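# A closer look at the structure
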Amino acid sequence: MKFVTPNLQKPSPVGLVVVVILVVAIAVVVVVVVVVVVVVVVWTIRGSNPGGTRFSATVHNGSGSHSAFCTMGTGSLSRG
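Residues numbered from 1 in each chain as written. Predicted model: local features only at pLDDT ≥ 70, side-chain atom pairs only at ≥ 80, totals over all residues. Heavy atoms only, no water.

Another point: the overall build of the chain. Along the backbone of the chain there are 1 helix and 3 strands. Written out in order from the N terminus, the α and β elements of the chain read α-β-β-β. In the chain, which comprises 80 residues, the share counted as buried stands at 5%. Partitioning the contacts of the chain with sequence separation of at least 6, the portion at a separation of at least 24 is 2%. (Helix = DSSP H or I, 4+ residues; strand = E, 2+ residues; numbered from the N terminus. Buried < 20%, exposed > 50% of the residue type's maximum accessible area, 1.4 Å probe, protein only. Contact = heavy atoms within 4.5 Å.)

Shown next as structure tokens:
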């Protein structure tokens, strides 16, 4: 009885290139998903007010009292 040994060859360079391309593609997809999740979380935390949180206070001066508003992140202070 004759035993046939398989012809073991080195992996082809083309197969290695395909594996590297797949690994890089998966890494890119993971990075994109992480960026999208971060953007959604930040947008959700900030809410629908792109200028930030708005605070109000009553200001007393010589001519009476007035409402003043400060919007965080915009550097604006308005008189109501």
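The pLDDT averaged across the chain works out to 77; a share of 75% of its residues lies at or above 70. Across the chain, element-level confidence peaks in helix α1 (residues 13-46) with a mean pLDDT of 89 and bottoms out in strand β3 (residues 76-79) with 60. (pLDDT = per-residue confidence, 0-100.)

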